[in-house]
Amino acid sequence: MIAAHITQGNPLSFDGEELPQGTVSFDGLDKAIIGIGSQYSKEPKLVYSATRIIDELVDREGWSFEEAQEYFDFNIGCLWAGEGTPIIVYEVFNNDG
């Protein structure tokens, strides 16, 4: 299953940017990373797409969408692993135009 990984020794890098020690990543879900997020005075964090995480679970684990959504909701979407916990973006689809 998916495990949260907290960097201890060598820092992570994403798209050429080095992330600080303590940055959390989700093992096996690199395809769901959509960027790096930051706020004033805070360390940068990895940003994941909830949609891409669920799609990856469906593809890799062979689960239905509902099974992947449930796993995500109970094991990934609610995870807190300290200040380096990734940001998860929930895309909003607007059908108004």
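Residues numbered from 1 in each chain as written. Predicted model: local features only at pLDDT ≥ 70, side-chain atom pairs only at ≥ 80, totals over all residues. Heavy atoms only, no water.

> So what exactly am I meant to see when it comes to the pattern of salt bridges here?
Side-chain pairing between opposite charges can occur once the charged atoms of the two side chains come close. Throughout the structure, instances matching the rule amount to 1 salt bridge. For the salt bridge of Glu 61 with Arg 60, the shortest nitrogen-to-oxygen distance reads 3.4 Å. Under the relative-accessibility criterion, Arg 60 is labelled partly exposed at 34%. (Salt bridge = Lys/Arg side-chain N within 4 Å of Asp/Glu carboxyl O. Buried < 20%, exposed > 50% of the residue type's maximum accessible area, 1.4 Å probe, protein only.)

> Help me out: how do you make sense of the nonpolar core in this one?
Most often, soluble globular proteins have nonpolar side chains that are buried together. The biggest cluster of nonpolar side chains holds 17 residues, and the ones touching the most others in it are Tyr 48, Ile 53, Leu 57, Phe 72 and Ile 76. Those elements that place two or more of their residues in this core are strand 6 (45-49), helix 1 (50-61) and helix 2 (65-75). With 4 residues, the single largest contributor to this core is helix 1. (Core = buried A, V, L, I, M, F, W, Y, C linked by side-chain atoms within 4.5 Å. Helix = DSSP H or I, 4+ residues; strand = E, 2+ residues; numbered from the N terminus.)

> Please explain the environment of Val 47 as it appears in this structure.
Summarising the element assignment, Val 47 is placed in strand 6. Looking at Val 47, the relative accessible area reads 9%, which means it is buried. Sequence separation of Val 47 and Ser 25 is 22 residues, and the distance between their C-alpha atoms is 9.3 Å. When near neighbours in sequence (up to four residues on either side) are disregarded, Val 47 contacts Ala 32, Ile 33, Ile 34, Gly 35, Ile 36, Gly 37, Ile 87 and Val 89. (Contact = heavy atoms within 4.5 Å.)

> Is there a simple way to think about helix 1 in this case?
For helix 1, with 12 residues, the first-to-last C-alpha span of 16 Å sits near the 16 Å given by 1.5 Å per residue. For helix 1, the complete set of buried residues consists of Ala 50, Ile 53, Ile 54, Glu 56 and Leu 57. Viewed along the axis of helix 1, the buried residues span an arc of 160 degrees, placing them on a single side of the element. Here the buried face of helix 1 lies against strand 6, helix 2 and strand 7 (87-89). At the N-terminal boundary of helix 1, the capping side chain belongs to Ser 49, with an oxygen 3.3 Å from the backbone nitrogen of Thr 51. Gly 62, located one to two residues past helix 1, shows a positive phi value of around 75 degrees. (Expected span 1.5 Å × (residues − 1). Arc of directions from axis to C-beta. Polar contact = N/O pair within 3.5 Å; in protein donor to acceptor, adjacent residues only side chain to side chain.)

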